[in-house]
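An overview of the molecular structure
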Amino acid sequence: MSSPKWWQTAVFYQIYPRSFADGNGDGIGDFAGMTRKLDYLQDLGIDAIWLSPHFPSPFLDCGYDISDYTAVAPEYGTLEDFKTFLEDAHSRHIKVVLDLVLNHSSDQHDWFKASRSSRDNPKREWYVWREGRNGGPPNNWASIFGGSAWTYDEQTGQYYYHAFLKEQPDLNWRNPEVKAAMWDAVRFWLDMGVDGFRLDALATIYEHPDLPDQTSGYAAEEILDANAFHKDEYLKLLEFQVRQPGLHELMQELRSLVDEYSGDRVLIGEDEDVAFYGTGNNELHLLFNFPLVNVPKLTVQHIRANQAQRLTALPPEAWPCNTLGHHDISRLWTHFGDGSNDAALAKLHLALLLTLKGTPFIFNGDEIGMTDLELSKLSEVKDSAVLNQYYLLTEKLSITPAKALETVLATTRDRCRSPLQWENSANGGFCPADVSPWLPVNKNYATGVNVATQQEDPDSHLNFCKRLLSLRKTNEALRTGDYQALHNDSKTYLAFLRHDKQAGQSCLVMLNFSDETQRLSLDLGANSPNILMSSTNRKEESLSFETLELAPFEILIAQLYPLR
Ligand code: NOJ
């Protein structure tokens, strides 16, 4: 591969600002805390940070409801604190990518306040307002977070559209003034030196202007899961609300804007549709491979089929991008655990993420094996998407409060958003003992799931993750090599090669997804492999391909010489 771009070889680490590090001891993460933890991140070995929204917000959707696009949430600090964080990250060679929420603002944004103040306000057309129909909403469109996508505004007698919560009105992207204002915000951060953006909810930016009723038969009262906007099968139900004409032109325009800046700024789309790569270099640089992770469990057949499908679907110059955990789904450890072999499975999945072809994204806390937070009371839930669902389940669908609570606790996105566990001390060292963190800290900080304890233990999940990151950093085949699946018939282990012809490197990756020893032989010609990493601490330096044994859940990564 000829001179890869930084975002192709980087490992990204997603910081959820509210939960990462609390610098001023108020129970809420902030920039002072994040800046202090940059040494930790540098030592971990990540290359870039994706920062979930850090803008002023009423926090009804945890910051994805923005009330000012060019400022910093006071809870998190000031613009000066942001600049310090950015400079300090850059001085450690860590890039910083921000979250860009184009689809909607908060209903508390001055733009929306003006827009809803009267029908002839100059900002009225900045949002999507329509007349009702037969005493109800303009059509049968549904909000992804449940209920109708339209909310009636008493003062002006019209409905406004929202693909998500009613407190997140959709901006009207067909209005050039909206586009100009948003591009100004983009330039504001690019001028400050940020390295790019992760684009939130891009599929919903445009809706069909004629408002045809959905024909899918999906009723607004039905509940999609809180992660529905990552799932193609759900998006298809909302046929006139997602992926409407105009989106590709918009992405091209944004790409041209970003390309005016030096330093290869990157655009990462929260969407799986490879069409948003455009030709491969005229729309988005990276799109998440959500089909890989959106399954209850990963099987070797699923992974293989996913790679075969995804890698061939990409336009020629496009680069893949994988994630196995983020702020909207269950934590990697919990999601892929089986209750008996969780530690081994978490390592196996981390190894998969860091050896597949493509830019990997790690969610903060997954490096120490944080697990889902278990809440028991509705009053503890902060995720408004599921609170809205609770209301619909109990009020509109007559589900009993106990059953509705069970559903909500099992699906709330709060599960993966609990504060990072830094130490074995009260509140996991996230905030002082006498302060209540914004979400409870998972109690397992006291049983080894914390950074400080794991730093001391060479066999910890954290140190395993560090070793993987350092291996990837120094191995061109793992960073940029092609992917070639081996032993396609196996149902228990995954075997693949990563080749980098230019660097003359080739790497064999073997991941045993079963709890049984696998005996196999590989026909790889004259290669004599050197072990680079083995989760079972193999003593031998080189392997025999004729009689290879993989221990239960073993991770085995080997260098091949000479290159085939
Ligand atoms: C996708 C984000 O990942 C999610 O957290 C948010 O609720 C929705 N977009 C709406 O902004």
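Residues numbered from 1 in each chain as written. Predicted model: local features only at pLDDT ≥ 70, side-chain atom pairs only at ≥ 80, totals over all residues. Heavy atoms only, no water.

On to the overall build of the protein. In terms of helices and strands, the protein carries 18 helices and 18 strands. Expected size for 564 residues packed as a compact globule is a radius of gyration near 24 Å; at 24 Å, the protein falls within 12% of this value. When its C-alpha atoms are laid out on the principal axes, the protein stretches across 75 × 55 × 50 Å. Residues counted as buried form 60% of the 564 residues belonging to the protein. (Helix = DSSP H or I, 4+ residues; strand = E, 2+ residues; numbered from the N terminus. Rg over C-alpha atoms; globule rule 2.2 N^0.38 Å. Buried < 20%, exposed > 50% of the residue type's maximum accessible area, 1.4 Å probe, protein only.)

On to the sheet that holds strand E6 (residues 158-161), then. Strand pairing within a sheet occurs via backbone hydrogen bonds; the two strands may be parallel or antiparallel. The three strands are arranged E4-E6-E5 in an open sheet whose pairing can be described as antiparallel. What marks the edges here is a single partner per strand, and that holds for strand E4 (129-130) and strand E5 (150-153). As judged from the four bridges shared by E5 and E6, these two strands associate in the antiparallel manner. Note on E6: the bridge partner recorded for Asp153 is Gln158. (Pairing = 2+ DSSP bridges.)

As a further point, take the domain arrangement of the protein. Here the protein is partitioned into domain 1 (6-102 + 176-207 + 244-368), domain 2 (104-172 + 208-240) and domain 3 (481-559). Its C-alpha centre places domain 1 at a distance of 26 Å from the equivalent point of domain 2. Carbon and sulfur atoms supply 59% of the area that domain 1 and domain 2 bury against each other, a total of about 2400 Å² over both sides. Take the side of domain 1 that touches domain 2: its biggest share by element is four residues, from helix H7 (residues 176-192). Across the side of domain 1 that touches domain 2, the residue classes break down as 15 nonpolar, five polar and nine charged. (Domains from an automatic or database assignment. Buried area = accessible area lost by both parts, 1.4 Å probe. Nonpolar A, V, L, I, M, F, W, Y, C, P; charged D, E, K, R; others polar.)

This structure, assessed with the given rule, holds 30 aromatic pairs. Judged by centre distance (4.4 Å) and plane angle (10 degrees), the ring pair of Phe12 and Phe361 falls under stacked. Placement of Phe12 in strand E1 (residues 12-15) and of Phe361 in strand E11 (residues 359-363) is noted, with a sequence separation of 349 residues between them. Given a relative accessible area of 2%, Phe361 falls into the buried group. A centroid spacing of 5.8 Å and a plane angle of 5 degrees characterise the contact between Phe112 and Trp129, whose relative ring orientation is stacked. Highlighted residues: Phe112 in helix H6 (residues 110-117) and Trp129 in strand E4, separated in sequence by 17 residues. Judged by relative accessible area, Phe112 falls into the buried class, the value being 0%. Look at Trp129 and you get buried, because its relative accessible area is 6%. (Phe/Tyr/Trp six-rings, centres within 6.5 Å; stacked < 30°, edge-to-face > 60°.)

A word on the sheet that holds strand E18 (residues 555-559). Across the sheet, which stays open at both edges, the five strands sit in the order E12-E13-E14-E18-E16 with antiparallel pairing between neighbours. Of all the strands in the sheet, the pair left with one neighbour each is strand E12 (482-486) and strand E16 (530-534). The sheet shows a mean angle of 20 degrees between the axes of neighbouring strands, taken without regard to direction. In the sheet, E12 pairs with strand E13 (residues 493-500) via five bridges, with the strands oriented antiparallel. Looking at E13, one finds that Gln484 is bridged to Leu497. Contacts from helix H13 (residues 342-355) reach E13, strand E14 (505-512) and E18, with the element oriented near 155 degrees to E14. (Axes fitted to C-alpha atoms, helices over the stretch in contact; angles between N-to-C directions. Contact = heavy atoms within 4.5 Å.)

Our focus in this paragraph is the side chain of Asn463. One can find Asn463 in helix H17 (residues 461-474). Note on Asn463: relative accessible area 13%, which makes it buried. Filtering out sequence-adjacent residues up to four positions away, Asn463 remains in contact with Gln454, Gln455, Asp457 and Pro458.

Once that is clear, we can look at the site of the ligand. Within the structure, the ligand sits among 13 residues, and Asp61, Asp200, His327, Asp328 and Arg413 are positioned closest to it. The separation between an oxygen atom of the ligand and a polar side-chain atom of Asp200 is 2.8 Å. In isolation the ligand has 300 Å² of accessible area, and contact with the protein removes 100% of it. Looking at the shell around the ligand residue by residue, the classes come out as four nonpolar, two polar and seven charged. Both domains that meet at the shell around the ligand, namely domain 1 (6-102 + 176-207 + 244-368) and domain 2 (104-172 + 208-240), each give it at least three residues. (Near = heavy atom within 4 Å. Polar contact = N/O pair within 3.5 Å; in protein donor to acceptor, adjacent residues only side chain to side chain. Areas by Shrake-Rupley, 256 points an atom, 1.4 Å probe, with all protein chains shown as cover.)

What follows covers the nonpolar core. If you look at the biggest cluster of nonpolar residues, it comprises 147 residues, and the most contacted ones within it are Tyr13, Leu41, Trp173, Phe197, Leu199 and Leu511. Counting residues in hydrophobic clusters, the runner-up holds 24 residues, among them Ala142, Trp150, Ala201 and Leu211. (Core = buried A, V, L, I, M, F, W, Y, C linked by side-chain atoms within 4.5 Å.)

Closest axis-to-axis distance for the H13/H17 pair is 10 Å, and the angle between their directions is 20 degrees. Between H13 and H17, the angle is such that the two are roughly parallel. H17 is crossed by H13, and the crossing has right-handed handedness. Contact residues: Ala346, Lys347, Leu350, Ala351, Leu353, Leu354 and Thr355 in H13; His461, Phe464, Cys465, Leu468, Leu469 and Arg472 in H17. Within the contact of H13 with H17, the residues separate by chemical class into nine nonpolar, two polar and two charged. (Parallel < 35°, antiparallel > 145°, perpendicular 65-115°, else oblique. Left-handed = near helix turned anticlockwise from the far one by under 90°.)

Under the 1.5 Å per step criterion, the end-to-end length of helix H11 (residues 300-313) is 20 Å for 14 residues, consistent within 8% with the ideal 20 Å. Tucked into the core, H11 has its buried residues touching strand E9 (286-287), helix H10 (290-293), strand E10 (321-323), H13, E12 and E13. (Expected span 1.5 Å × (residues − 1).)

For the coordinates displayed, the defined rule picks out 31 salt bridges. A salt bridge links Arg413 to Asp61; its shortest N-O distance comes to 3.0 Å. On the criterion of sequence distance, the pair formed by Arg413 in the loop between helix H15 (401-411) and helix H16 (451-456) and Asp61 in the loop between strand E2 (48-51) and helix H5 (79-91) is long-range, its members being 352 residues apart. Looking at Arg413, the relative accessible area reads 2%, which means it is buried. Residues Arg116 and Asp153 are paired through a salt bridge, measuring 3.2 Å at the closest nitrogen-oxygen approach. One end of the pair, Arg116, is in helix H6; the other, Asp153, is in strand E5, and 37 residues separate them in sequence. When salt bridges that share partners are traced, they join Asp61, Asp328, Asp383, Arg413 and Arg417 into one network. (Salt bridge = Lys/Arg side-chain N within 4 Å of Asp/Glu carboxyl O.)

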